[in-house]
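Topology and contacts: notes
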Amino acid sequence: MATELSSSPAPVLSIKHQTFATLKKPHISSLSHFLSKSHRRCNYSLSISKHSCVFRVSCQSQATDAELATRVGQDRLLKVPASNIRNFSIIAHIDHGKSTLADKLLQMTGTVQKRDMKEQFLDNMDLERERGITIKLQAARMRYVFENEPFCLNLIDTPGHVDFSYEVSRSLAACEGALLVVDASQGVEAQTLANVYLALENNLEIIPVLNKIDLPGAEPSRVAREIEEVIGLDCTNAILCSAKEGIGINEILNAIVKRIPPPSNTAGCPFRALIFDSYYDPYRGVIVYFRVIDGTIKKGDRIYFMASGKDYYADEIGVLSPNQMQVEELQAGEVGYLSASIRSVADARVGDTITHFNRKADNLLPGYEEATPMVFCGLFPVDADQFPELRDALEKLQLNDAALKFEPETSSAMGFGFRCGFLGLLHMEIVQERLEREYNLSLITTAPSVVYRVNCVNGQTVECSNPSLLPEPGQRRSIEEPFVKIELLTPKEYIGSLMELAQDRRGEFKEMKYFTESRASLIYELPLAEMVGDFFDQLKSRTKGYASMEYTFLGYKESQLIKLDILINGDCVEPLATIVHKDKAYAVGRALTQKLKELIPRQMFKVPIQACIGSKVIASEALSAIRKDVLAKCYGGDISRKKKLLKKQAEGKKRMKAIGKVDVPQEAFMAVLKLEKEVL
């Protein structure tokens, strides 16, 4: 007589080991108890005969974890209840391993197959890979099985730089939690702090992760203490990991499931979704990335953008995993994309609220802002024939980047070009590099400037980003300039040199505090105009690369600013005019006149080069004339003959100076613009 006994274990993907054992009857119960407790992934059956039994065991070994993840990853379009959705972001300073960790999470959950995997998978642009920074954020939906239950994990990757802090704030608003990734050898940096504070403002659950623990210089206990002291987060449950080596990745995934709260189940409310990113596709129009806050959206619904007032039909909706995968509907708590043949990114701005056209929501989701350019510069093509190509390139780039502003500008020195507005210096560098790479343009960039507010005598306020647009001195009552609050994190041995740098740039000292015995934070209020030059380069060179900085815009303050004009042979050269502080006017004027003297070729007449404030000359240099030796033919004779020839030459030079024109070469303008960046 034979009896079959079996357990009800977790589903088995594949049989790796199969064991046949012949046992005595007394051992049956102890072995079955042992297997049920310690080997949850085992199937066993037993055949009992008169004297013995045959015990058959098939179990899944640990080696099948990757195979299980692959299979589960392919099922990521399957719906899960709202309680099993986790929306999270990764917060980290540049180079602390954010992109590497994102790669590992995608790989471990089977979202990206090993054959498709490459480093910095979510960083699509070559520029991002070269610089090691995230410029354009991405999203990825992952499926993860925890305790035999499927979970949907939505990673919303964010750019880390201060220039894109508004996009970061909207991405964090679309999440319920965040991984705070800190390099275990370097510790807390300035941008980490800024983004953590943004996350805390959005009431996110923050999970500290100490990365790069495999490095010889890693000090996890010191860094954990630093996080507790600086940010005030409890690091007793901090996860130690090495994204590169794959250490601690499972613990991170488990912590995301256990510690990050699920989104609210508001599927029955009127539809509202938050846009956290958008980009332009030349074939489908604008693609919008959004998080559903309330309600449900289905393919074909007529949708309404509450801030821009535009309405469209949702032709296609889907999820990002990380490639776009179409679905029929998305519910509250889910993250996805939509395509609706939108022609302009301005119609679907980051931070806008999407709702149904026929059943509009009562109010917008909080936090929407218009992107305001902070830094301006002139972009001119080296070859004047490329002006139409530059205009087309800027228009195409603006379709992808709604924060980019530009208007035509004409310069007597550089011809036709554009005055462009950017969110910050990094944004400016990226736009310039993309124009040169993607559209094969050769560009000249003028020195970056900021927007000044001029309060006129008649009560009007004029915004001016170009010195040539500044009203006359008689019409100005005062000039205001933008100020920023800047936080510098530095080792203690460099405090003196950084304080000197900030004081030289008209910084106003606010606070200094020590985080640890060896690291301190300096807080200054600084004019933005002083920071858009080489401030960051100076910061890094004075501290051997150890210091980091973060700044936030404070507002406008009145300052003693003046317009410094450059006169060459009595003619004002507008492209060289600058707005400077009264105390720095002489130093800037002296540097500019000396540089121009070296670069402008000598003429047949004397050329004065002057730096002026209004009609007052504060610095002057002169190019001596090229003289023809008119006395060469006078090999003898009376002195009066020589005097007559010299007098005639002097009259000719005087007449030539009155009607003569000095051509300033392109190289001189370029060198002076470079000098302006250093001096200002």
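Bear in mind the structure is a predicted one, so any value in this text is a computation, not a measurement.

Along the protein chain, the regular secondary structure elements total 16 helices and 36 strands. Within the protein chain, the proportion of its 680 residues that are buried is 52%. The contacts of the protein chain with a sequence gap of at least 6 include a subset with a gap of at least 24, amounting to 70%. Summed over its atoms, the accessible surface of the protein chain is roughly 32400 Å², and 49% of this surface lies on carbon and sulfur atoms.

A few words now on helix α3 (residues 98–108). Buried within α3 are the following residues: Lys98, Ser99, Leu101, Ala102, Asp103, Leu105 and Leu106. Positive backbone phi, at 75°, marks Gly110, one or two positions downstream of α3.

Reading across the sheet, the 6 strands line up as β6-β7-β5-β8-β9-β10 and stay open at both edges, with mixed pairing between neighbours. Each edge of the open sheet is held by one strand with a lone partner, namely β6 (139–146) and β10 (239–240). Here strand β5 (residues 85–91) pairs with strand β8 (residues 177–183) via 4 bridges, running parallel. In the strand pairing of β8, Ile90 is matched with Leu179. Packing against the sheet, α3 makes contact with β5, β6, β7 (149–156) and β8, and its axis sits at approximately 150° to β5.

Next up on the list: the nonpolar core. Counting residues in hydrophobic clusters, the biggest one holds 47 residues, and the most contacted among them are Leu435, Ile486, Leu488, Met531, Phe535 and Met549. The residues that make up this core include at least three from each of domain 3 (375–446) and domain 4 (453–559). Other than its neighbours up to four places away in sequence, Met531 contacts Leu425, Val484, Ile486, Leu526, Met549 and Tyr551. Core analysis: the second largest hydrophobic core is formed by 40 residues, Cys175, Leu198, Leu233 and Phe276 among them.

Attention shifts here to the sheet that holds strand β16 (residues 316–320). With respect to topology, 8 strands assemble into an open sheet ordered β15-β14-β20-β11-β12-β19-β16-β17, the strand pairing being antiparallel. For this open sheet the edge positions go to β15 (311–313) and β17 (324–327), each flanked by a neighbour on one side alone. Shown here is a sheet whose adjacent strand axes are inclined to one another by a mean of 40°, direction ignored. Bridge analysis of β16 against β17 gives 4 bridges, and the strand direction is antiparallel.

Here we come to the side chain of Lys584. Tracing the backbone shows Lys584 in the loop between β34 (578–581) and α14 (585–599). Here Glu530 takes part through its side chain, which lies 3.1 Å from a polar atom of the side chain of Lys584. Every residue in contact with Lys584, bar those within four places of it in the chain, is listed here: Asp504, Arg505 and Glu530.

Right, let's get into a nonpolar patch on the surface. Judged by side-chain polarity, Phe509, Met512 and Tyr514 come together as a nonpolar surface patch covering roughly 290 Å² of accessible area. Mapped onto the elements of the fold, Met512 is located in strand β29 (residues 508–514).

Enumeration according to the criterion identifies 21 salt bridges in this entry. The residue Arg222 makes a salt bridge to Glu226 at a minimum N-O spacing of 3.1 Å. Within this pair, Arg222 and its partner Glu226 are both found in helix α7 (residues 220–230), separated by 4 residues, close to a single helical turn. Each of the two residues, Arg222 as well as Glu226, counts as buried.

Another point: a negative patch on the surface. Residues Asp383, Asp385, Glu389, Asp392 and Glu395 make up a contiguous surface patch of negative charge. By the element assignment, Glu395 lies in helix α9 (residues 387–400).

Another aspect to go through is the packing of aromatic side chains. Throughout the structure, instances matching the rule amount to 10 aromatic pairs. Between Phe146 and Phe151, the ring centres sit 6.4 Å apart and the planes meet at 70°, which makes this aromatic pair edge-to-face. For Phe151, a relative accessible area of 6% puts it in the buried group. Three or more aromatic residues joined by ring pairs make a cluster, and in this case those are Phe387, Phe406, Phe416 and Phe418. For the cation-ring pair, Arg302 lies above Phe357, with the distance from its terminal atom to the ring centre recorded as 3.7 Å. A cation sits over an aromatic face here: Lys557 above Phe483, 4.9 Å from the ring centre.

So, on to the packing of helix α11 (residues 495–504) against helix α13 (residues 535–542). Contact geometry for α11 and α13: axes closest at 10 Å, N-to-C directions at 160°. Overall, the two elements α11 and α13 adopt an arrangement that is roughly antiparallel. Remark: the crossing between α11 and α13 carries right-handed chirality. Of α13, the residues touching α11 (which contributes Ser497, Leu498, Glu500, Leu501 and Asp504) are Phe535, Gln538, Leu539 and Arg542. The class makeup of the residues in the contact of α11 with α13 is 4 nonpolar, 2 polar and 3 charged.

With that out of the way, let us pick up a positive patch on the surface. Residues Lys633, Arg641, Lys644 and Lys648 make up a contiguous surface patch of positive charge. Considering the arrangement of structural elements, one finds Lys648 in helix α15 (residues 639–659). With relative accessibility at 62%, the residue Lys648 sits in the exposed group.

Rules used in this analysis
- Along each chain, residue indices are assigned from 1 in the same order as the chain's sequence is written.
- Local features in this predicted model are restricted to residues of pLDDT 70 or higher, and side-chain atom pairs are both shown and tallied only at a pLDDT of 80 or more, whereas totals for entire chains, interfaces and linings draw on every residue.
- Think of the side-chain values as coming from all heavy atoms in the structure, minus any hydrogens and water.
- Runs of H or I in DSSP of at least four residues are treated as helices and runs of E of at least two as strands, each being numbered from the N terminus.
- Residue exposure (1.4 Å probe, protein chains only): buried if accessible area is under 20% of the type maximum, exposed if over 50%, otherwise partly exposed.
- Any two residues whose heavy atoms approach within 4.5 Å at even a single point are treated as in contact.
- Accessible surface is estimated by sampling points in the Shrake-Rupley manner with a 1.4 Å probe; for residues, cover comes only from the protein chains shown.
- Here the rule is simple: two strands pair whenever DSSP picks up at least two bridges between them.
- Inter-axis angles, ranging from 0 to 180 degrees, are taken between N-to-C directions of lines fitted to C-alpha atoms, where helices are fitted over the stretch in contact.
- Working definition of a nonpolar core: buried Ala, Val, Leu, Ile, Met, Phe, Trp, Tyr and Cys residues. They are joined through side-chain atoms within 4.5 Å.
- Segmentation of the chain into domains, including their bounds, is taken from an automatic or database domain assignment.
- Within 3.5 Å is the distance limit for a polar contact, defined as a pair of N or O atoms, with the added protein rule that one can donate a hydrogen and the other accept it, and that residues adjacent in sequence qualify only through two side-chain atoms.
- Only residues whose relative accessible area exceeds 30% and that form no salt bridge enter a patch; like-charged residues are grouped when within 9 Å of one another, and nonpolar side chains (Val, Leu, Ile, Met, Phe, Trp, Tyr) when within 5 Å.
- Throughout this description, the term salt bridge denotes a Lys or Arg side-chain nitrogen within 4 Å of a carboxyl oxygen of Asp or Glu.
- In this tally, Asp and Glu contribute negative charge and Lys and Arg positive charge; neither His nor the terminal groups of the chain are included.
- By convention, the point assigned to a charge is CZ for Arg, NZ for Lys, CD for Glu and CG for Asp.
- Each pair of aromatic rings taken from Phe, Tyr and Trp, with Trp reduced to its six-membered ring, is defined by centres within 6.5 Å and is described as stacked if the planes are under 30 degrees apart, edge-to-face if over 60, and tilted in the remaining cases.
- Put simply, a charge is over a ring when the Lys NZ or the Arg CZ is close to the ring centre, within 6 Å, and near the line of the ring normal, within 35 degrees.
- Roughly parallel refers to an angle under 35 degrees, roughly antiparallel to one over 145, roughly perpendicular to one between 65 and 115, and oblique to any angle outside these ranges.
- Handedness of each helix crossing follows the sense of rotation of the near helix against the far helix: counterclockwise by less than a right angle gives left-handed, clockwise gives right-handed.
- In this classification, the charged set is Asp, Glu, Lys and Arg, the nonpolar set is Ala, Val, Leu, Ile, Met, Phe, Trp, Tyr, Cys and Pro, and all remaining amino acids, among them Gly, are polar.

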